[in-house]
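Coordinate analysis (summary)
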Amino acid sequence: MTRRLLLATAVLLGTATVAEAHHPTCRCRMESAETVLCIGGFSDGSGAPGVVIDVIAQDEEMLIPGRLGADSTVRFRRPGRGFYVLMDAGPGHTVEIDGAAIR
């Protein structure tokens, strides 16, 4: 019985580590005076091609709908009003970046 308990505990701990190791990441910066570059991925170092990344106004109006490209990047012209970037890799796997923080 002790052996089974030990094995079950090891399996659960191993599963928890794997699940925890893949949270989404996104970094955005000004690439030029008018262009924002965002790079998405996951905490294990893998890319996120095709993942939804939208630019949304502070009043929740969709400004620029998009997806990360094959290289896990997206570029867009910086909006002239308050905005945020939302990377959505699925339920519970989102990253939100306030446009004011993008330099």
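Further up the page is the structure itself.
Residues numbered from 1 in each chain as written. Predicted model: local features only at pLDDT ≥ 70, side-chain atom pairs only at ≥ 80, totals over all residues. Heavy atoms only, no water.

**With respect to the sheet that holds strand 4 (residues 62-64)**
- Here we have 4 strands laid out as an open sheet, ordered 4-3-6-7, and antiparallel in their pairing. Sheet topology places strand 4 and strand 7 (94-98) at the edges, where each strand pairs with a single neighbour. Ignoring strand direction, the axes of neighbouring strands in this sheet form an average angle of 30°.
- Note that strand 3 (residues 52-57) and strand 6 (residues 83-88) share 6 bridges and pair antiparallel. The partner of Asp-54 across the bridge, within strand 6, is Leu-86. (Pairing = 2+ DSSP bridges. Helix = DSSP H or I, 4+ residues; strand = E, 2+ residues; numbered from the N terminus. Axes fitted to C-alpha atoms, helices over the stretch in contact; angles between N-to-C directions.)

**Some details on unusual backbone geometry**
- Despite not being glycine, Glu-60 has its phi angle at roughly 75°, a positive value.
- The phi dihedral of Ser-72 is positive, around 65°, even though this residue is not glycine.
- Its place among the elements puts Ser-72 in the loop between strand 4 and strand 5 (73-77).
- Overall, Ser-72 belongs to the buried group, its relative accessible area being 6%. (Buried < 20%, exposed > 50% of the residue type's maximum accessible area, 1.4 Å probe, protein only.)

**Some points on the state of the cysteines**
- Evaluated as defined, the whole model comprises 1 disulfide.
- Residue Cys-28 pairs covalently with Cys-38 via a disulfide, S to S 2.1 Å. The sign of the S-S torsion, about 110°, decides the handedness of the disulfide formed by Cys-28 and Cys-38: right-handed. Linking Cys-28 in strand 1 (residues 24-30) with Cys-38 in strand 2 (residues 35-42), this pair joins segments that are 10 residues apart in sequence. The pair formed by Cys-28 and Cys-38 is uniform in burial state, with each residue classed as buried.
- The thiol of Cys-26 is not disulfide-bonded; the next cysteine sulfur, from Cys-28, is found 4.1 Å away.
- Given the relative accessible area of 13%, Cys-26 is considered buried. (Disulfide = S-S within 2.5 Å.)

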